[in-house]
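Now for the letters of each chain:
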Amino acid sequence: MSTLSPTLAWPRARLGEAMTAVNTHLRGVDEVRTLANPAPDVTRGPPLDRWVQAGARRLGLDSDAPDQRARGLSDLLTEPSALVARWPVAGGAVEEGAYLVILGPLAGSAQTARVLTSTGAISVDVSQLEHALFAANTTAVVKDLHLPPKRRLAAERAMRAALGGGALSEAWLIEDAANTFWQRARRLGAPRLLWGGLAGFVLQLALFSGAWGMVANGALEGRLEAGTLWAFGLLLATMVAVRAVAGSALGRAVVLLSGLARERLLEGVLRLDSGEIRSRGVGQLLGTVLEVDSLELLARGGGPTLIWVVLDVILGATLLALGAGGWIHFVLLLVWLALLAFWLHGLQRRLIAWTEARLTVTHELVEAMVGHRTFVAQDAGLHLGHLHASLDEYQARSWLVDQAATKLTAILPRGWVVVGLLGLVPAFVDRGSSSAALATALGGVVLIWGAFRHLAEVSPALTAAFVAWRNLRF
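A quick note: this is a predicted structure, and the numbers were derived from the prediction, not measured.

**A few points about the pairing of strand 6 (residues 120-125)**
Phase 1: Two elements, strand 5 (residues 112-117) and strand 6, share 6 bridges in a ladder whose sense is antiparallel. Considered in strand 6, the bridge of Leu 116 is made with Ala 121.
Phase 2: Hairpin connection, strand 5 to strand 6: the antiparallel pair is bridged by 2 residues.

In structure tokens:
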């Protein structure tokens, strides 16, 4: 028999007030949204489950079924949330249709939990709550073990896990809904992984700069010693290890963000209005969903490369400003970056037009397959003529996109090498620059050349991902 006080329970007739109190607790005192209590015909089972889910959405909350494998409340309430569970004791001073509201987060070693009542939050012993809510009752067995009080709760949870967990009778886990893409990403920990990967890239750049400075300076001065080469090798080995760790962090972030993108797409499809479906058609909607592949391509290759390119350009610009070329080199880099921005803008405009043509072709092809029998019964040649015209338009725009991408790939990195070496002509003619300054300037030119080469390779994927993000509108 449970020793829980009946004052902890919310009757089913006041479950709307309980959900409103949970919303206020999770969102703060400024939240003014309320939820009406359920109608008398909303009873246990599927009707009440649908009412809780609809009410949670109306309040801006998420409602999920708790994990049946949970050993205790600490496995369920790991974040700011609330567990709404049916009162476990039938009869007595509390009606059967009553519910407990247990607040989280709850640490694994916590001995008490807060239960939300109509008069406020009350601290209750965790073991009492778990004895009442979880099916596997291990109190008598643990009592015979004569364990210290601090270890009894852990022992009961371990035994409960061995017995198959403790299934809650009827419960919902209520959390504050993360309505935006980046809010959900923060909940999954993706920003932490991205910052870790970025820190790894910055450290890798610092190691590369140190290695290049030692070797280039020694080569230009004609004194490459064995110690310098050993230090150079050690820095390169450290750089490989740092890059592996950073790549692993970015890889995990990619998996999280890719799954989240598809999850958001599924939610968007389920919430589409029937009028929008009729106005756009199945083919256009299918083509829009396929845009997520561009985002995954960016995440797998273009995203990390873009971070590397930005850091390389920043470091290269610093080396140019400190090198023999001085401000002349820096101005030439700014001019080249402006030309790069102009080319990328042109590629983006052509990709937008190309994407519209591709969506049109996808839409007409899907509609033609769906309505094939109608086309056969009518004039199929007219419909095929529209499809051929769309394919011709798609081919023409594809040629324009390839032309712009080829210009970036061929001219951007090679042209910079010519411009960078021209910036060093005054220093060679003057002969007043030291070998260290020349080495610094050459290092900047080489570093930026590598950045432009990688950017030229991934620029189509980057611009395609931008267009896809614009169309999907997370």
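Still to come is the rest of the account.
**Notes on the packing of aromatic side chains**
Phase 1: Tallied over the entire structure, the rule returns 3 aromatic pairs.
Phase 2: Ring geometry for Trp 336 versus Trp 343: centroids 6.4 Å apart, planes at 80°, classification edge-to-face.
Phase 3: Given a relative accessible area of 12%, Trp 336 falls into the buried group.
Phase 4: Residue classification places Trp 343 among the buried residues on the basis of a relative accessible area of 13%.
Phase 5: Above the face of the Trp 449 ring, Arg 453 is positioned so that its terminal group lies 5.0 Å from the ring centre.

**What to know about the pattern of salt bridges**
Phase 1: Tallying each qualifying case throughout the model produces 3 salt bridges.
Phase 2: Where Glu 17 meets Arg 14, a salt bridge forms, and the shortest distance between an N and an O atom there is 3.0 Å.
Phase 3: Overall, Glu 17 belongs to the partly exposed group, its relative accessible area being 35%.
Phase 4: You can call Arg 14 partly exposed: its relative accessible area is 31%.
Phase 5: Across the pair Glu 393 and Arg 397 runs a salt bridge whose closest N-O atoms are separated by 2.6 Å. Of this pair, Glu 393 and Arg 397 both sit in helix 15 (residues 380-423), 4 residues apart, roughly one helical turn.

Definitions and limits used
- Residues numbered from 1 in each chain as written.
- Predicted model: local features only at pLDDT ≥ 70, side-chain atom pairs only at ≥ 80, totals over all residues.
- Heavy atoms only, no water.
- Pairing = 2+ DSSP bridges.
- Helix = DSSP H or I, 4+ residues; strand = E, 2+ residues; numbered from the N terminus.
- Phe/Tyr/Trp six-rings, centres within 6.5 Å; stacked < 30°, edge-to-face > 60°.
- Buried < 20%, exposed > 50% of the residue type's maximum accessible area, 1.4 Å probe, protein only.
- Lys NZ or Arg CZ within 6 Å of the ring centre and 35° of its normal.
- Salt bridge = Lys/Arg side-chain N within 4 Å of Asp/Glu carboxyl O.

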